[in-house]
Amino acid sequence: MGSRTSSLLQAEEIEQIQKETGFSKRQIVRLYSRFTSLDKSDNGCLSREDLLRIPELAINPLGDRIIHAFFMDNPESKINFRQFMSTLSLFRPIKSHDKDIENPCNSRDNKLKFAFRMYDLDNSGMVTREELLVILQMMVGSNITEEQLGSIADRTIAEADEDNSGAISYENFVKALQRADVEQMMSIRFLN
């Protein structure tokens, strides 16, 4: 399997993906194998349905939003391997060698932009109370009442909304998370 998978990826492609994402050659080959196993139509692209076959995403309350993030910049609802890797690279832990790269995919800023886009359902550049309620509902299900959800949303907006717009801007979002370890919270360990 490993030799077949690596033979489908050209050495130049692997090298370019390494430069773009920071993944090692072994990680790229392993993720390519996973990508091809998800590609049931064998067309070199994944659809939303293909990603829903990942058990961890299928059971994650925010799985739909995470999957949506793979397609944010792609209106055709299909992603190729490079697009897949680009999105996955956001979740790569930050290593000391990443600090030498001018704007690594997995930078704190890129992780924050990605997280903000998860909440900004209509891509307006603002997270409204209604959007926050939708995300909170996804996260907690029916474990708390509508009133409690509303209270959480109102308190969150009150704490983060420094310009009193009634919503959370990206700048508000970044400031609210300035002490949070976003780099750690938004990291997945990828096996070598």
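- As annotated in an unreviewed UniProt entry, the protein chain carries the name EF-hand domain-containing protein and comes from Patiria miniata.
- In UniProt, the protein chain has this text filed under Sequence similarities (unreviewed entry): "Belongs to the calcineurin regulatory subunit family. CHP subfamily."

**Describing the overall build of the protein chain**
Reasoning step 1: Within the protein chain one finds 12 helices and 2 strands.
Reasoning step 2: Taken from the N to the C terminus, the helices and strands of the protein chain come in the order α-α-α-α-α-α-α-α-β-α-α-β-α-α.
Reasoning step 3: Counting only C-alpha atoms, the protein chain reaches 55 × 40 × 25 Å along its principal axes.
Reasoning step 4: Taking all 192 residues of the protein chain together, the buried fraction comes to 38%.
Reasoning step 5: Contacts spanning at least 24 positions in sequence make up 55% of the contacts within the protein chain whose residues lie at least 6 apart.

**Section: the packing of aromatic side chains**
Two numbers describe a pair of aromatic rings. These are the distance of the centres and the angle of the planes.
Reasoning step 1: Throughout the structure, instances matching the rule amount to 10 aromatic pairs.
Reasoning step 2: Ring centres 5.9 Å apart and planes at 25° place the aromatic pair Phe70 and Phe84 in the stacked group. One end of the pair, Phe70, is in helix 6 (residues 63-70); the other, Phe84, is in helix 7 (residues 81-89), with 14 residues separating them in the sequence.
Reasoning step 3: Its relative accessible area of 3% is what places Phe84 among the buried residues.
Reasoning step 4: Here the aromatic rings of Phe91 and Phe114 are separated by 5.2 Å at their centres, their planes lie at 85°, and the arrangement is edge-to-face. In this pair, Phe91 is assigned in the loop between helix 7 and helix 8 (108-119) and Phe114 in helix 8, connecting sequence segments 23 residues apart. For the pair Phe91 and Phe114, one class covers both residues: buried.
Reasoning step 5: Three or more aromatic residues joined by ring pairs make a cluster, and in this case those are Tyr32, Phe35, Phe70, Phe81 and Phe84.

**Side note on the UniProt feature "domain: EF-hand" (unreviewed entry) in the protein chain**
Reasoning step 1: Within the UniProt annotation, "domain: EF-hand" (unreviewed entry) is assigned to residues 107-142 and 148-183.
Reasoning step 2: What you have in residues 107-142 is 67% helix and 6% strand, and the ends, taken at the C-alpha atoms, are 35 Å apart.
Reasoning step 3: When the span residues 148-183 is considered, its composition is 61% helix and 6% strand, and the gap between its end C-alpha atoms is 30 Å.

**With respect to unusual backbone geometry**
Reasoning step 1: Unusually for a residue other than glycine, Asn123 sits at a positive phi of about 55°.
Reasoning step 2: Looking at where Asn123 falls in the secondary structure, it is placed in the loop between helix 8 and strand 1 (126-127).
Reasoning step 3: Classification of Asn123 as exposed rests on a relative accessible area of 53%.
Reasoning step 4: The phi dihedral of Asn164 falls on the positive side, at around 55°, and the residue is not glycine.
Reasoning step 5: Inspection of the secondary structure puts Asn164 in the loop between helix 10 (146-160) and strand 2 (168-169).

**Re the pattern of salt bridges**
Reasoning step 1: In this structure the tally under the stated criterion is 7 salt bridges.
Reasoning step 2: Of the charged contacts in the structure, one is a salt bridge between Arg53 and Asp50, with a shortest N-O distance of 2.6 Å.
Reasoning step 3: On the basis of relative accessibility, which here comes to 40%, the residue Arg53 falls in the partly exposed class.
Reasoning step 4: Asp50 sits in the buried class, given a relative accessible area of 4%.
Reasoning step 5: The salt bridge partner of Lys113 is Asp109, with a shortest N-O separation of 3.0 Å. Taken as a pair, Lys113 and Asp109 lie in helix 8 at a separation of 4 residues, close to a single helical turn.

Cut-offs and rules
Starting from 1, residues in each chain are numbered consecutively following that chain's sequence as written. Residues qualify for local features only when their pLDDT is at least 70, as the model is predicted, and side-chain atom pairs are given and counted only at 80 or more; totals for whole chains, interfaces and linings, by contrast, use all residues. Note that the side-chain values use all heavy atoms of the structure and ignore hydrogens as well as water. UniProt positions are given in the numbering used here, feature names are shortened, and annotations may be inferred rather than shown by experiment. Every helix listed is a DSSP run of H or I at least four residues long, and every strand listed is a run of E at least two residues long, numbered separately from the N terminus. Accessible area is worked out with a 1.4 Å probe on protein chains only. A residue is then buried under 20% of its type maximum, exposed over 50%, and partly exposed in between. When checking whether two residues touch, look at their non-hydrogen atoms; a contact exists if any pair is within 4.5 Å. When two rings of Phe, Tyr or Trp (its six-membered ring) have centres within 6.5 Å they constitute a pair, described as stacked for plane angles under 30 degrees, edge-to-face for angles over 60, and tilted for the intermediate range. By definition, a salt bridge exists where a carboxyl oxygen of Asp or Glu is found within 4 Å of a side-chain nitrogen of Lys or Arg.

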